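Analysis of the macromolecular model
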Amino acid sequence: MIMRRTPSSSRLPVLLAILVGIVALLGWHEPRFIEINNLINILRQSSMVGLIALGMTLVILTGGIDLSVGSLVAVSALAGAGAARAGVTFPLCWGAALAAGALLGMVNGLGVARLRLPPFIMTLGMMGFARGLAFMVTGGKPLTGFDASFRWLGIGGWMGLPLPIWVFGGFFLVVWVLLELMPWGDQVRSVGSSPRAAWGSGVNVPGVTAQVYVLCGVASALVGLLLAGRIDSAQPTAGVGYEFGAIAGVVFGGTSFSGGRGSLVGTVIGVLIMTVLESGMNMLNVNPFAEQVVKGVVIAAALVLYGRTGQALRG
Amino acid sequence: MSALLEMRNVHKRYPGVHALKGISFSLEEGEFHALVGENGAGKSTLIKTLGGVVPPDEGGEILVRGERVAWSGPGDALRAGVGIIHQELSLAPHLSVAQNIFLGRELRRGVFVDSRRMREMAKDLLAHLRCDIDPDRTAGELSTGEQQLVEIAKALSQKVSILALDEPTSSLSARETENLFRVIDDLKSRGVGIIYISHRLEEIFAHADRVTVLRDGEVTGRGAIGDFDPSSMVACMVGRRVEVLFPRSFRDPGEVLLEVRGISRRGVLRDVSFELREGEIVGVAGLVGSGRTETARCLVGLDPVDGGEVNLVGGALALRGPRETLDRGMVLVPEDRKRQGLFLNRSIRDNATVMELLHGLRRGPFVDREKRDEAARRHVRNFSVKCRDIFDPVFALSGGNQQKVAIAKGLAVAPRVLILDEPTRGVDVGARAEIHEIMNDLVHRGMGILMISSDLPEVLGMSDRVLVFRHGGIAASFDRGDATGEKVMLAAAGGGVHGG
Amino acid sequence: MKKMMAAFAVLWLMAVPALADQPVLGLVVSTLNNPFFVSLKQGAEEAAAKAQVSLVVLDAQDDSAKMTAAIEDLIQKKVAVILVNPTDSDAVTPSIMKANEAGIPIFTIDRGASGGKVVCHIASDNVAGGKMAAEFLAEAIGHKGNVVELMGIPGTSAARDRGKGFNDAIAAFADVKIVAAQAADFNRDKGLKVFENILQAQPEITGVFAHNDEMILGAVAAAEAAGRTGIVFVGFDAVDDAVKAVQEGKLAATVAQQPALMGSTGVEKAVAFLGGASLPEFIPVDLKLVVKE
């Protein structure tokens with residue numbers, strides 16, 4: 001019998017090495033890439049998909065998936081923007097956006113936990129429903145032109161760093177504490193590892209399941225607010241395709257689709273690697289057609305590499 | 001005349017483990033050769049090298065009818081007439097029974113798959129095993145016992161001359177086991193050589209012609225079955241003499257802990273009533289599907305009941321779910337530990353403390369990691385779980401150690417009533433004795449244990465009382481002095497005996 | 001009484017051929033809920049009045065089922081020509097085939113059809129628009145400097161045509177160099193992100209052209225946030241936000257489609273077709289540049 005340690009712990013250093021390697025390579029090729037300014041840019045760009053990826057990590061840890069995140073970004077941005085337009089005072093209109101995200105997340109959660117719909121189907125339905133809702137209420141046209149106060153989350157800064165980075169960091173901290181320090185985190189992993197064993201062990205499986213979808217919805221709503229603030233426009237098409245970036249980051253970060261295993265730190269590094277790649281290729285002016293190919297190859301190569309290294313570390 | 005099978009000086013090294021250290025083994029035509037040893041002794045690895053699942057290291061030889069063979073996969077072995085039934089069942093859960101039996105060698109009519117003929121042949125094969133599983137049923141919906149029979153039918157359909165069975169009876173009921181041995185006798189009479197791995201010594205003494213004992217990858221004993229007695233065989237297996245008797249010391253039971261009154265579940269259970277007292281082990285016997293496991297599931301709220309009531313330490317249970325039962329002091333360690341009892345990809349620590357963490361091991365709102373690790377270490381120590389450390393994933397443990405973790409997980413919340421479903425299935429002799437000792441110790445401290453088991457000696461040796469289930473109800477109940485293997489088997493199989 | 005009857009009959013006989021002489025055209029518009037298509041309809045109506053033909057206009061309300069029903073109605077009415085601005089290129093195909101069977105010629109406007117036999121497709125000339133943007137941009141930066149192109153979703157026809165027009169025209173200016181051409185998928189958020197990265201890589205940028213207004217507005221936001229000034233931005237489509245940005249001076253220009261011109265061109269060409277003229281498969285409609293007044 002071969003004894004093995006949980007592999008996820010050994011993946012983090014490998015992931016980190018890949019990230020540092022790519023950054024170093026790009027920096028060597030284009031010194032501007034590693035200017036502080038650009039590193040801040042990259043963090044800010046990571047924050048959007050990153051926030052969603054954090055919520056997605058929780059969902060995937062329970063063995064689920066949330067395809068509706070991009071649509072929830074649009075709906076919650078519109079809810080916030082609509083409230084701001086209707087004259088709702090400034091912090092409350094943010095509340096409207098967060099409530100919209102949490103509510104639709106809750107619908108996802110109840111569908112999965114209570115009606116026992118497969119997460120893929122439930123959130124695919126929500127993806128279409130929420131996107132359709134966004135188009136219906138706006139007639140397809142974006143809401144634009146907001147007060148600086150509403151936009152603050154997207155364009156403001158604190159201690160030299162843009163607010164989106166603080167929001168990303170803050171949400172990471174909250175979710176990390178929930179997952180790593182609270183008993184709740186253990187239950188999330190138990191549900192993902194084996195829902196039957198978790199139920200039999202007294203874990204409130206439906207409750208925990210619903211909660212992760214709510215948190216994922218809240219993450220989407222935060223992104224909606226950041227995005228609307230940054231581009232001064234709440235668009236019904238906002239967030240299209242975000243689910244792919246988020247899921248790719250999560251899986252790249254070592255969280256297993258089969259549930260129960262994975263880490264938030266891995267997800268953050270995974271998302272950073274993806275953003276660094278995109279940003280680097282923009283800076284090096286790589287042909288847009290080739291861009292996709294390069295991205296695919298790098299991801300595949302990295303996965304193979306860290307698969308190998310993981311095995312080597314495990315012995 | 002050369003032997004049917006001859007293995008000489010077979011070695012197998014895995015990274016860090018020398019699993020087979022120069023094993024020699026032989027099998028004659030029509031011989032029933034038992035292979036025994038504790039888990040991890042190398043039995044399964046030996047069978048896997050024989051079946052072409054893993055290649056043996058250089059230097060050794062495998063000869064079938066005197067010819068040297070080197071197989072590149074299980075397919076080669078099968079074509080040469082070597083069939084293996086592995087411990088881990090390998091049916092495709094979404095395919096039908098017939099499709100599974102003919103998987104990879106579907107019968108054809110022209111270019112089309114001949115489903116009708118496959119179905120008929122499958123039915124014949126199964127009938128040969130005296131089992132009436134509908135060949136159209138999906139493999140996934142069969143019970144473990146039924147799946148095992150389908151696996152055996154699958155091997156038999158290939159006209160094998162050597163058949164190796166790795167713990168085939170661990171999930172079969174008494175009747176199914178009996179059928180299996182009848183089939184094995186039949187095969188023997190046709191000259192098929194049988195290699196048989198089992199932890200159940202009584203089966204081996206009843207059926208084997210010859211025995212090979214393995215320990216730590218080496219042969220530690222070999223001979224005709226008559227050369228052994230149970231104690232000497234176990235001594236060869238564990239390297240020391242172990243008491244094979246059950247370590248039960250009985251005392252007078254105390255107050256009633258669990259009172260089950262007339263619980264029913266349509267099509268599954270009808271009117272099940274019994275009591276469990278402090279300091280008592282109630283054994284539950286019966287065939288697979290007789291309502292034993294189903295009763296346990298209803299008691300802890302995993303399945304709903306249609307009627308009846310359950311009182312636990314005085315108060316009625318609402319049967320809302322396992323959390324209620326757990327809070328009230330009753331815990332089930334389920335039969336299918338890999339799917340229902342444990343979180344295989346999580347660590348020993350995470351598994352052993354998952355229930356305890358619902359109430360305790362906290363500092364304020366946070367998990368107290370130190371307390372948690374300490375608790376896990378304590379469980380590992382108390383149950384002598386053999387592992388490198390508490391952060392090893394449980395899938396890396398042997399069956400016996402997994403079972404100890406599953407029991408430790410439930411005991412961590414200090415229940416008054418413990419329900420154990422097949423506590424020693426797939427568990428090696430040493431671990432089995434340890435689990436029995438733990439049970440004895442628990443009832444001495446006032447716990448009540450409901451023990452469901454297909455292992456008759458275990459039921460008879462460990463229980464204060466025995467309940468026998470048949471067709472969803474209690475068919476008979478025996479006190480310790482009254483219960484004999486015959487009576488219990490008859491009651492389970494419907495022999496018309498009604499005990500007191 | 002008899003006289004009156006006779007007079008009526010004569011009048012009737014006179015009137016019918018007269019009505020039959022004036023051809024009836026049918027126009028199905030994807031939606032009249034959008035000012036763009038309202039202009040398209042108005043242009044068509046004006047052209048019909050000028051050509052003295054009658055025009056039946058039906059609104060599909062952005063619903064492919066309604067569009068199908070509308071086209072069937074026109075086939076029933078046996079109109080001379082059907083002009084359709086489809087809600088969806090695929091959904092319109094079966095209806096076009098029906099019109100083909102009924103022998104009624106069919107024209108598509110703005111959005112094409114993926115099947116069936118269409119006499120002629122009338123839409124904006126994206127290549128010409130790209131060229132127009134290139135010439136404006138080159139002029140605005142004094143025929144020299146570094147420019148950036150933000151591309152639409154790679155492979156789409158709009159991205160291809162607008163990019164081709166722009167690149168071909170820019171090539172004529174020896175001192176204008178395209179220092180970066182990156183895809184931002186017609187998306188404001190992506191436009192911002194991609195331009196942010198390009199700003200970091202390129203210390204000197206004098207002009208930017210994006211294949212649509214969403215991307216250019218994203219780029220404007222990125223430049224604002226980075227404090228970079230002196231960049232000339234040119235967009236495409238003239239959406240409300242972009243027109244506003246042009247008036248505010250943030251955006252130098254945006255290329256506008258001319259929906260009224262599409263509508264009138266459609267009617268004029270249909271009338272010409274009935275008169276026996278042969279038409280090319282595609283008739284491009286000119287675009288115009290929206291600049292600060």
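None of the values given here were measured: they were computed from a predicted structure.

So, how was this worked out
All residue numbers here refer to positions counted from 1 along the written sequence of the relevant chain. Chain letters and ligand numbers both follow the written order, the letters beginning at A and the numbers at 1. The model is predicted, so local features are restricted to residues of pLDDT at least 70 and side-chain atom pairs to those at 80 or more, both for listing and for counting; the totals for chains, interfaces and linings are taken over all residues. To obtain the side-chain values, all non-hydrogen atoms of the structure were used and water was disregarded. For helices the rule is a DSSP run of H or I covering at least 4 residues; for strands it is a run of E covering at least 2, with both sets numbered from the N terminus onward. Think of it in three bands: with a 1.4 Å probe and only protein chains considered, a residue is buried below 20% of the maximum accessible area for its type, exposed above 50%, and partly exposed in between. Residues adjacent in sequence count toward polar contacts only when both atoms are side-chain atoms; beyond that, a polar contact is any pair of N or O atoms within 3.5 Å, and within protein one must be able to donate a hydrogen and the other to accept it. Throughout, a contact is declared for two residues whenever any of their heavy atoms are within 4.5 Å. Here the nonpolar core consists of buried residues drawn from Ala, Val, Leu, Ile, Met, Phe, Trp, Tyr and Cys, with membership extended through side-chain atoms lying within 4.5 Å. Buried area counts how much accessible surface, traced with a 1.4 Å probe, disappears from two parts once they are put together, with both parts' losses summed. Only one rule defines a salt bridge in this text: a Lys or Arg side-chain nitrogen within 4 Å of an Asp or Glu carboxyl oxygen. Polar here means any residue outside two lists: the nonpolar Ala, Val, Leu, Ile, Met, Phe, Trp, Tyr, Cys and Pro, and the charged Asp, Glu, Lys and Arg; Gly therefore counts as polar. Only strands that DSSP links by at least two bridges are regarded as paired with each other. Axis angles are defined between N-to-C directions and span 0 to 180 degrees, where every axis is a line fitted to C-alpha atoms and, for a helix, only to the segment in contact. Here a Phe, Tyr or Trp ring, Trp counted by its six-membered ring, pairs with any other such ring whose centre lies within 6.5 Å, and the pair is stacked when the planes are under 30 degrees apart, edge-to-face when over 60, and tilted otherwise. Lysine and arginine charges are scored as sitting over a ring when NZ or CZ, respectively, is within 6 Å of the ring centre and within 35 degrees of the ring normal.

**A word on the side chain of A:E180**
Considering the arrangement of structural elements, one finds A:E180 in helix α7 (residues 163-181). For A:E180, a relative accessible area of 18% puts it in the buried group. Within polar-contact distance, the side chain of A:E180 engages the side chain of A:R189 at 3.3 Å. Those residues in contact with A:E180 that lie beyond four places of it in its chain are A:R189 and B:R369.

**Concerning the nonpolar core**
Residues B:L418, B:I449, C:V148, C:L150, C:F195, C:V208 and C:F233 are the most contacted members of the largest nonpolar core, which totals 163 residues. When sequence neighbours within four positions are dropped, the list of residues in contact with B:I449 reads B:L276, B:E280, B:I281, B:V282, B:L418, B:L420, B:M439, B:L442 and B:V443. Judged by nonpolar contacts, the second largest core, of 49 residues, contains B:L107, B:A155, B:F181 and B:V211.

**Examining the interface of chain A and chain B**
Contacts between the two partners involve 28 residues from chain A, matched on the other side by 37 residues from chain B. Of the roughly 2800 Å² buried where chain A meets chain B, counting both sides, 55% is carbon and sulfur surface. Where chain A meets chain B, there are three salt bridges. Where B:R372 meets A:D186, a salt bridge forms, and the shortest distance between an N and an O atom there is 2.7 Å. Counting the contacts that link chain A with chain B gives eight residue pairs in polar contact (both at pLDDT 80 or more). Residue assignment for the side of chain A that touches chain B shows that the elements contributing at least two residues are α7, α8 (183-193) and α9 (195-200) of chain A. With six residues, the single largest contributor to the side of chain A that touches chain B is α8(A). Looking at the side of chain A that touches chain B residue by residue, the classes come out as eleven nonpolar, ten polar and seven charged.

**Details of the pairing of strand β12 (residues 218-224) of chain B**
By the bridge criterion, six bridges tie strand β11 (residues 210-215) of chain B to β12(B) in an arrangement that is antiparallel. Considered in β12(B), the bridge of B:V211 is made with B:G223.

**Details of the interface of chain A and chain C**
With 27 residues of chain A at the interface, the matching set in chain C holds 25 residues. In this assembly, chain A packs against chain C so that about 2300 Å² is buried in total across both faces, 43% of it on carbon and sulfur atoms. It is A:Q45, A:N282 and A:P288 that lose the most area in chain A upon contact with chain C, and together they represent 24% of the buried surface on that side. At the junction of chain A and chain C, the tally comes to two salt bridges. Two residues, A:R44 and C:E196, come together in a salt bridge whose shortest N-O distance is 3.0 Å.

**As for the sheet that holds strand β3 (residues 32-36) of chain B**
Residue and element names in this part refer to chain B. Pairing is mixed across the open sheet formed by six strands, whose spatial order is β6-β9-β10-β3-β11-β12. The sheet is open, and its two borders are formed by β6 (82-85) and β12, each paired with just one other strand. Taken pair by pair, the neighbouring strands of this sheet meet at an average axis angle of 15 degrees, ignoring direction. Packed on one face of the sheet, helix α1 (residues 43-50) meets β3, β6, β9 (162-166), β10 (193-197) and β11 and runs near 150 degrees to β10.

**Concerning unusual backbone geometry**
Residue and element names in this part refer to chain B. Notably, N9 is not glycine yet its phi reads approximately 50 degrees, a positive angle. Of the residues examined, N9 reaches a relative accessible area of 37% and is grouped as partly exposed. The phi angle at H471 is positive, at roughly 50 degrees, despite the residue not being glycine. Structurally, the position occupied by H471 is in the loop between β23 (465-470) and β24 (473-479).

**Considering the packing of aromatic side chains**
Taken as a whole and assessed by the stated rule, the structure comprises eleven aromatic pairs over all chains. Here B:F181 and B:Y196 contribute two aromatic rings whose centre-to-centre distance is 5.6 Å and whose plane-to-plane angle is 45 degrees, an arrangement assigned as tilted. One end of the pair, B:F181, is in helix α6 (residues 174-189); the other, B:Y196, is in strand β10, with 15 residues separating them in the sequence. Each member of the pair B:F181 and B:Y196 is classed as buried. Ring geometry for C:F107 against C:F273: centres 5.9 Å apart, planes inclined by 80 degrees, an arrangement best described as edge-to-face. Linking C:F107 in strand β4 (residues 106-109) with C:F273 in helix α10 (residues 259-274), this pair joins segments that are 166 residues apart in sequence. The exposure class of C:F273 is partly exposed, given its relative accessible area of 26%. Over the ring of C:F236 we find C:R162; its NZ or CZ atom is 3.8 Å from the centre of that ring.

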